[in-house]
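# Structural overview for review
Chain residues, written in single-letter form:
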Amino acid sequence: MATDYQARHRRARTRQITGRVAVGTLAAGAVTGAMALFGPATAAQASSVNWDAVAACESGGNWHINTGNGFYGGLQFTRSTWNGYGGQKYAARADLASRSEQIAIAEKVLDGQGIGAWPVCGKKGGSTKSYSTKSEDRSERKSEQRSERKSQDRSERKSERRSEAKSSREDRGEQRASRGTERRETRQTRSASSGDTYVVQSGDTLSLIADARDLAGGWEALYERNKRVVGDSPNLIFPGQRLSL
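Scope of this entry: the structure provided in the associated data block. Here the structure is a predicted model, which is why all the values come from computation and not from measurement.

### Concerning a negative patch on the surface
Taken together, the side chains of Asp153, Glu156, Glu160 and Glu164 make up a negatively charged region of the molecular surface. With respect to the helices, strands and loops of the structure, Glu156 is situated in helix H7 (residues 134-191).

This is the structure we're talking about:
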């Protein structure tokens, strides 16, 4: 039956082409009437998709295939898709329609769902256009939004970690400065007189000590009182020496 149907289709196509050739001989004023009679080019002729390539992938190029798996025709339409896009005006199922009729419905599916309606074999069609369904668009937008949120979260966490590290370094710096101040204060406390004595600190000289303590007789008197500690040279005193004031 498929062979007879195709043969009839070819004869009908031959008559159509012959009619169009005849139209070409009409006067220019009769073009409008000719178009009304024969109609514009079919969707299959204007398509950017190689539907034969898609069919070769989907069904081995058998436009009238029906294996009983719920997919019909060369482009493997389900009955719901075929009916939903007006296929019943041609045939009850896609496998009962002609190649051009199946392609006409495929063009409508393409407009409605995009080439993704044939997720694997649609790539074989060589479409130069990018199609996507609304659900795919929403999914892509959600995916992009999730990626943006993740990226923003990572950036915020990194910023927080940097702030915490900076704060920690500042705290440690303040602690070191505080300890240094405490040590200086401790040294100053130790260097203060304990009764009538003074413990020599780094950088001290007898002259500085005498001036700071406002000692009577100046550094000479201080040296005389501490000659046994200082030794023969008043210019050489060492941290830790305890001087009598």
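### Things to note about the packing of helix H8 (residues 206-213) against helix H9 (residues 218-225)
Close contact between H8 and H9 brings their axes to 8 Å; oriented N to C, the two are set at 110°. By the angle between their directions, the pair H8 and H9 is classed as roughly perpendicular. Contacts between H8 and H9 involve Leu206, Ser207, Ile209 and Ala210 from the first element and Gly218, Trp219, Leu222 and Tyr223 from the second. When grouped by side-chain class, the residues that make up the contact of H8 with H9 number six nonpolar, two polar and no charged.

### A look at the side chain of His64
Along the chain, His64 turns up in the loop between helix H4 (51-59) and helix H5 (79-84). For His64, a relative accessible area of 16% translates into the label buried. Here the side chain of His64 touches Asp95 through a polar contact of 2.8 Å, landing on its backbone oxygen.

### Describing the state of the cysteines
For the coordinates displayed, the defined rule picks out one disulfide. Here Cys57 is linked by a disulfide to Cys121, with a sulfur-sulfur distance of 2.0 Å. Disulfide Cys57-Cys121: the torsion about the S-S bond is -65°, which places it as left-handed. With a gap of 64 residues between them, Cys57 in helix H4 and Cys121 in the loop between helix H6 (99-113) and H7 connect regions that are remote in the sequence. Judged by its relative accessible area of 32%, Cys57 falls in the partly exposed class. In this structure Cys121 comes out as buried when scored by relative accessible area, which is 6%.

Analysis parameters
Residues numbered from 1 in each chain as written. Predicted model: local features only at pLDDT ≥ 70, side-chain atom pairs only at ≥ 80, totals over all residues. Heavy atoms only, no water. Patch = residues over 30% accessible without salt bridge, like charges linked within 9 Å, V, L, I, M, F, W, Y side chains within 5 Å. Areas by Shrake-Rupley, 256 points an atom, 1.4 Å probe, with all protein chains shown as cover. Salt bridge = Lys/Arg side-chain N within 4 Å of Asp/Glu carboxyl O. Lys, Arg positive; Asp, Glu negative; His and termini not counted. Charge placed at Lys NZ, Arg CZ, Asp CG, Glu CD. Helix = DSSP H or I, 4+ residues; strand = E, 2+ residues; numbered from the N terminus. Axes fitted to C-alpha atoms, helices over the stretch in contact; angles between N-to-C directions. Parallel < 35°, antiparallel > 145°, perpendicular 65-115°, else oblique. Contact = heavy atoms within 4.5 Å. Nonpolar A, V, L, I, M, F, W, Y, C, P; charged D, E, K, R; others polar. Buried < 20%, exposed > 50% of the residue type's maximum accessible area, 1.4 Å probe, protein only. Polar contact = N/O pair within 3.5 Å; in protein donor to acceptor, adjacent residues only side chain to side chain. Disulfide = S-S within 2.5 Å.

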